[in-house]
Amino acid sequence: MRAVLAALVQRLPMLRIAARRSRAFLRRLRFLARTGMPHTEEKTAVFAAYGGRSYACSPKAIYEYMRSQPAFRDFKLIWLFQEPERYRFLEADPQTAVFAYGSPEADRAVARAKYWIFNFMIPEQWVPRSTQVYVQCWHGTPLKKLGLDLEYSENAMNSIREIHERYRENAGKLDYLLSPSPFATAALSSAWGLRAAGKADAVLELGYPRNDFLSRYTQADVRRIREKLGLADCSKRILLYAPTWRDDQYDPKTGYTYDCPVDFDRLQRSLGDSFVILFRAHYLVAEKFDFSRYAGFVLDVSGIDDVNELYVVSDMLITDYSSVFFDYANLCRPILFYMYDLEFYRGRLHSFYLEPDRLPGEIVRDEDALAAAVWRSARYGADERVKAFRAQFCPLDDGEAAKRVVEAIVE
């Protein structure tokens with residue numbers, strides 16, 4: 001019955017909007033009942049990444065910077081996770097507490113904390129008071145248009161009207177929005193409609209804290225990560241394949257899906273003796289793959305929290321429309337774009353902020369050419385455009401972004 005109702009709501013946008021507004025109202029009432037109107041704790045910060053799914057991204061970088069600084073020794077640092085037991089190790093630090101995302105304890109932490117450090121659209125019931133500071137870290141420089149910049153989309157779960165409404169709602173709540181470049185500032189400001197929301201000055205163009213690690217990692221880090229992945233003694237080159245999710249692929253029973261376009265049998269015949277592929281799915285579909293038949297050639301790393309670990313051990317990136325290449329460009333390594341459905345994607349799902357001819361790598365349009373492009377990139381190294389691209393789109397990713405952001409937001 002629940003699946004039938006979900007499918008009905010999905011097909012009828014007005015019913016879906018009404019249902020979501022009713023749900024938001026009830027959740028807000030529950031939030032207020034749990035929390036009341038508590039005093040804001042000036043030295044408390046609450047962190048979450050990807051809706052509580054992982055310990056990663058800029059919230060992680062900001063947290064680790066604050067934890068390392070004597071100036072914040074008297075701060076209370078709270079993390080929210082959907083699976084809190086996986087992250088109890090953080091509580092070895094006496095400053096840190098871990099709560100279950102969506103629990104009464106989490107709601108009370110959000111209600112009390114002076115600083116909110118999140119990289120996702122926050123739930124409707126979380127409404128910051130004037131004494132609180134909501135820092136929207138976001139999770140990447142966008143290639144495809146977002147939010148209010150969307151003119152069309154075959155999103156399976158949200159109409160354009162709903163998407164616009166959600167971005168406007170979050171824009172009205174945030175105090176700061178992080179950016180690593182003038183390009184990202186323009187795109188994100190437009191996507192959130194910051195000027196219309198009276199938040200034109202909310203952008204902190206100070207670099208992405210999430211990328212500090214890419215400037216600071218050591219060979220000891222590489223060895224540690226390779227051991228973690230079971231690749232300590234692997235002599236093959238490592239390819240990171242990180243496609244974006246497809247918001248038009250949805251099953252009412254299981255949620256978002258992903259139809260992988262790569263024939264790994266064919267790739268294994270061409271690359272298997274010299275390469276190993278790390279397959280990194282988007283977090284919304286990360287639990288839907290089984291690569292056991294490709295043992296030794298394809299390793300599913302979708303469960304690794306911090307994608308930076310995958311960046312630094314990989315020799316090359318293959319993606320499609322994901323924003324990962326903006327971050328990976330910091331390493332000045334080869335990047336390939338497997339855009340087998342470019343016309344469909346750009347024509348029916350998302351238009352782009354950046355035209356494909358400005359991308360820092362070869363665009364591959366069909367599977368026959370993919371293996372050849374991998375061999376070519378492995379032989380000749382990074383495209384000359386990568387360094388120029390990095391200078392333009394990652395100018396502030398210098399290893400000090402977390403420091404600058406914390407100094408800007410903490411009074």
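Residues numbered from 1 in each chain as written. Predicted model: local features only at pLDDT ≥ 70, side-chain atom pairs only at ≥ 80, totals over all residues. Heavy atoms only, no water.

Caption draft 1: Representation of the packing of aromatic side chains. Here the structure, examined in full by the defined rule, presents 42 aromatic pairs. Geometrically, the ring pair formed by W79 and F81 is stacked, given 5.2 Å between the ring centres and 5 degrees between the ring planes. Geometrically, the ring pair formed by W138 and Y167 is edge-to-face, given 6.5 Å between the ring centres and 65 degrees between the ring planes. Here Y167 lies in helix α5 (residues 160-173) and W138 lies in the loop between β5 (133-136) and α5, a separation of 29 residues in the sequence. Given the relative accessible area of 10%, Y167 is considered buried. Here the aromatic cluster, defined as three or more aromatic residues joined through ring pairs, consists of F47, Y55, Y63, W79, F81, Y87 and F89. (Phe/Tyr/Trp six-rings, centres within 6.5 Å; stacked < 30°, edge-to-face > 60°. Helix = DSSP H or I, 4+ residues; strand = E, 2+ residues; numbered from the N terminus. Buried < 20%, exposed > 50% of the residue type's maximum accessible area, 1.4 Å probe, protein only.)

Caption draft 2: Geometry of the sheet that holds strand β6 (residues 176-179). Overall, parallel pairing links the seven strands, which are arranged β3-β2-β1-β4-β5-β6-β7 in an open sheet. Here the strands that pair on one side only, and so sit at the sheet edges, are β3 (96-100) and β7 (203-205). Here the strands of the sheet are splayed against their neighbours by 25 degrees on average, with no regard to which way each runs. The sheet contact formed by strand β4 (residues 113-118) and β5 spans four bridges and is parallel. Bridge pairing in β5 links I117 to V135. Across the face of the sheet, helix α3 (residues 57-68) comes into contact with β1 (41-48), β2 (76-81), β3, β4 and β6 while running at roughly 155 degrees to β2. (Pairing = 2+ DSSP bridges. Axes fitted to C-alpha atoms, helices over the stretch in contact; angles between N-to-C directions. Contact = heavy atoms within 4.5 Å.)

Caption draft 3: Expanded view of the environment of W245. Inspection of the secondary structure assignment puts W245 in the loop between β8 (237-241) and β9 (250-251). With a relative accessible area of 18%, W245 lands in the buried category. Sequence separation between W245 and S322 is 77 residues; the distance between their C-alpha atoms is 8.0 Å.

Caption draft 4: Region of the structure containing the pattern of salt bridges. Considering all chains together, one arrives at 23 salt bridges under this definition. Via salt bridges that share partners, D221, R224, K228 and E309 belong to a single interconnected network. (Salt bridge = Lys/Arg side-chain N within 4 Å of Asp/Glu carboxyl O.)

Caption draft 5: Spotlight on the state of the cysteines. Inspection of the entire model under this criterion finds zero disulfides. With no disulfide partner, C394 has as its closest neighbouring cysteine sulfur the one in C332, 8.8 Å distant. (Disulfide = S-S within 2.5 Å.)

Caption draft 6: Highlighting helix α12 (residues 342-349). Of all the residues in α12, the buried ones are L342, Y345 and L349. For α12, the arc enclosing every buried residue in end-on projection is 100 degrees, short of the 170-degree limit, so these residues lie on one face. (Arc of directions from axis to C-beta.)

Caption draft 7: Layout of the packing of helix α9 (residues 264-271) against helix α13 (residues 367-380). Their axes nearest at 10 Å, the elements α9 and α13 cross at an angle of 35 degrees. Viewed along their axes, α9 and α13 form a crossing whose handedness is right-handed. Of the residues in α13, those touching α9 at R266, L267, S270 and L271 are E367, D368, L370, A371, V374 and W375. Its residues assigned to classes, the contact of α9 with α13 comprises six nonpolar, one polar and three charged. (Left-handed = near helix turned anticlockwise from the far one by under 90°. Nonpolar A, V, L, I, M, F, W, Y, C, P; charged D, E, K, R; others polar.)

Caption draft 8: Spatial organisation of α13. Helix length check: α13, at 14 residues, gives a terminal C-alpha distance of 20 Å against a target of 20 Å (1.5 Å per residue), a fit within 8%. All of the buried residues in α13 are E367, L370, A371, A373, V374, S377 and A378. Looking straight down α13, one finds its buried side chains confined to an arc of 160 degrees; they lie on one side. Turned more than 90 degrees from where α13 packs its buried face, D368, R379 and Y380 sit exposed. Tucked into the core, α13 has its buried residues touching β8, α9, β11 (275-279), β13 (316-319), β14 (335-338) and β15 (362-364). Measuring from the side-chain oxygen of the N-cap residue of α13 to the backbone nitrogen of D368 gives 3.1 Å; that N-cap residue is D366. One or two residues past the end of α13 sits G381, with phi positive at roughly 80 degrees. (Expected span 1.5 Å × (residues − 1). Polar contact = N/O pair within 3.5 Å; in protein donor to acceptor, adjacent residues only side chain to side chain.)

Caption draft 9: Summary view of the side chain of D107. With respect to the element layout, D107 can be found in helix α4 (residues 104-112). A polar contact is formed between the side chain of D107 and the side chain of W126, at a distance of 3.3 Å. The residues touching D107, leaving out its near neighbours within four places in the chain, are F31, R34, T35 and W126.

So yeah, pure geometry; function would need other evidence.
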